[in-house]
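Each chain is listed here by its residues.
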Amino acid sequence: MDQEITVMEIICNAGEARSLCFEALAKSRSQEFAEAEEKLVQAKECLNKAHLMQTQLIEADQGEGKVPMTLVMVHAQDHLMTTILAHELATEMVALHKQIAN
């Protein structure tokens with residue numbers, strides 16, 4: 001496993017997911033709920049890819065410090081965790097926008 005490529009995959013997929021979450025919020029503010037929900041589905045797919053890459057790093061490390069910790073890896077982890085939270089919050093906010101519209 002090429003650690004640099006793996007870390008960049010996490011960053012790219014988490015970044016794409018974050019963008020999709022904010023696109024979903026914009027769609028829900030415009031009451032385009034089907035489109036908003038589709039953006040959230042796409043975001044979840046990107047998050048799943050990023051999480052898979054993270055899991056591969058964890059498995060390679062085996063809890064023994066085999067994978068060297070770098071600043072870019074910490075950055076990737078930050079991206080992933082904040083995007084997971086963004087997705088959870090965006091999902092709730094889209095649901096609230098939908099409820100208010102009804």
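Everything discussed here concerns the structure shown above.
Notes on the structure in this doc start here.

Things to note about the side chain of Ser28
And then number 1: The topology assignment puts Ser28 in helix 1 (residues 3-29).
And then number 2: Non-local contacts of Ser28, meaning those with residues more than four positions away in its chain, are made with Phe33, Ala36, Val94 and His97.

Some details on helix 2 (residues 33-61)
And then number 1: If you check helix 2, its first and last C-alpha atoms are 42 Å apart, about what 29 residues at 1.5 Å a residue would give, namely 42 Å.
And then number 2: Among all positions of helix 2, only Phe33, Ala36, Leu40, Ala43, Cys46, Leu47, Ala50, Met53, Gln54, Leu57 and Asp61 are buried.
And then number 3: Residues of helix 2 that are buried in the fold lie against helix 1 and helix 3 (71-101).
And then number 4: After helix 2 finishes, the residue Gln62 shows a positive phi value of roughly 55°.

Remarks on unusual backbone geometry
And then number 1: A positive phi angle, near 60°, is found at Gln31, a position not held by glycine.
And then number 2: Judged by relative accessible area, which is 53%, Gln31 ranks as exposed.

Reading the values: the criteria
- Residues numbered from 1 in each chain as written.
- Predicted model: local features only at pLDDT ≥ 70, side-chain atom pairs only at ≥ 80, totals over all residues.
- Heavy atoms only, no water.
- Helix = DSSP H or I, 4+ residues; strand = E, 2+ residues; numbered from the N terminus.
- Contact = heavy atoms within 4.5 Å.
- Expected span 1.5 Å × (residues − 1).
- Buried < 20%, exposed > 50% of the residue type's maximum accessible area, 1.4 Å probe, protein only.

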